[in-house]
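Fold and geometry: a report
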Amino acid sequence: GENVEQHPSTLSVQEGDSAVIKCTYSDSASNYFPWYKQELGKRPQLIIDIRSNVGEKKDQRIAVTLNKTAKHFSLHITETQPEDSAVYFCAARPNTDKLIFGTGTRLQVFP
Amino acid sequence: GAVVSQHPSWVICKSGTSVKIECRSLDFQATTMFWYRQFPKQSLMLMATSNEGSKATYEQGVEKDKFLINHASLTLSTLTVTSAHPEDSSFYICSARPGTREEKLFFGSGTQLSVL
């Protein structure tokens, strides 16, 4: 089955700096890759997603890149703000209904 | 966006009792819902896929007799933790997609279960 690895597990940056979180997946049939942000005790919120036929997608300060050959995708947050502090999860969808999540990255943005 | 409602948000129960958690899609119909479990500071682990009008599909290692799933309507799925034990204490969260062609998955607010 699909296996998603995520790095780093924790990431601390200064406000205004960029943050990059990387994920790799194992199932080449996976065709959909969302990123979720989860604040403590709350539900995961979808922040951006990308399909396998696209290499890059951007939404304001957030961007995601996908390398299908290498089977990895990354989340890029520019001009980070303290409110970006949360746990971020990547996920991959194999050729089924299921979403398989990565292990999560705890991002801390210091003022 | 699509709204998924989950109740209760937290529950404390005695060991050996059963607890039911409800997941509702408020503004769309969901033929499929998903139940995840999340331990503190860990990832979301898929427990089962709930299918309207048919049996749920459980992930490997998840006891179907312990975690009963019922998806009796297009807007409601329930998860019942039977004979709960302290090791069942966890954050349970449901999710749903608004349509079979929709890829985006929307989550309920989660239920924190504590078994004494």
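Presented here is a report on the structure given in the accompanying data block. Keep in mind that what you see is a predicted model, and the values were worked out from it rather than measured.

Inspection of every chain in the model, using the stated rule, returns seven salt bridges over all chains. Residue K104 of chain B is joined to D49 of chain A by a salt bridge in which the shortest nitrogen-to-oxygen separation is 3.2 Å. With one member in each of two chains, K104 of chain B in the loop between strand 9 (90–96) and strand 10 (106–107) and D49 of chain A in strand 5 (residues 45–51) form a pair that bridges those chains. Residue K104 of chain B is classed as partly exposed on the basis of its relative accessible area, which comes to 25%. We note a salt bridge from K98 of chain A to E59 of chain B, for which the minimum N-O separation is 3.3 Å. With K98 of chain A in the loop between strand 9 (86–92) and strand 10 (100–101) and E59 of chain B in the loop between strand 6 (57–58) and strand 7 (67–73), this residue pair bridges two chains. The class for K98 of chain A is partly exposed, based on a relative accessible area of 25%. Several salt bridges share partner residues, and in doing so they unite D49 and K57 of chain A together with K104 of chain B into one network.

Before going further, it helps to examine unusual backbone geometry. Residues and elements named next belong to chain A. Following H7, the chain continues into P8 via a peptide bond in cis, with omega recorded as -5 degrees. Following the sequence through the fold, P8 ends up in the loop between strand 1 (4–7) and strand 2 (10–14). Notably, K71 is not glycine yet its phi reads approximately 60 degrees, a positive angle. Take K71: its relative accessible area is 25%, and that puts it in the partly exposed class.

What follows concerns the environment of E22 of chain B. Residues and elements named next belong to chain B. Looking at the secondary structure, you find E22 in strand 3 (residues 19–25). Looking at E22, the relative accessible area reads 28%, which means it is partly exposed. For E22 and G110, which are 88 residues apart along the polypeptide, the C-alpha to C-alpha distance reads 9.9 Å. For E22, the residues in contact, after removing those within four places along its chain, are S5, Q6, H7, W35, L76, S77 and T78. A polar contact is formed between the side chain of E22 and the side chain of R24, at a distance of 3.4 Å.

Overall, the coordinates contain two disulfides over all chains when judged by the stated rule. Disulfide pairing places C23 of chain A opposite C90 of chain A at an S-S distance of 1.9 Å. The disulfide joining C23 of chain A to C90 of chain A has a torsion of about -100 degrees about its S-S bond and is therefore left-handed. With a gap of 67 residues between them, C23 of chain A in strand 3 (residues 19–25) and C90 of chain A in strand 9 connect regions that are remote in the sequence. A relative accessible area of 0% means that C23 of chain A is categorised as buried. Across the disulfide, C23 of chain B is cross-linked to C94 of chain B (sulfur-sulfur distance 2.0 Å). Residues C23 of chain B and C94 of chain B are joined by a disulfide whose S-S torsion is about 80 degrees; by sign, that bridge is right-handed. Remark: C94 of chain B occurs in strand 9 and C23 of chain B occurs in strand 3; sequence separation between them is 71 residues.

So, how was this worked out
- Residues numbered from 1 in each chain as written.
- Chains lettered and ligands numbered in written order.
- Predicted model: local features only at pLDDT ≥ 70, side-chain atom pairs only at ≥ 80, totals over all residues.
- Heavy atoms only, no water.
- Salt bridge = Lys/Arg side-chain N within 4 Å of Asp/Glu carboxyl O.
- Helix = DSSP H or I, 4+ residues; strand = E, 2+ residues; numbered from the N terminus.
- Buried < 20%, exposed > 50% of the residue type's maximum accessible area, 1.4 Å probe, protein only.
- Contact = heavy atoms within 4.5 Å.
- Polar contact = N/O pair within 3.5 Å; in protein donor to acceptor, adjacent residues only side chain to side chain.
- Disulfide = S-S within 2.5 Å.

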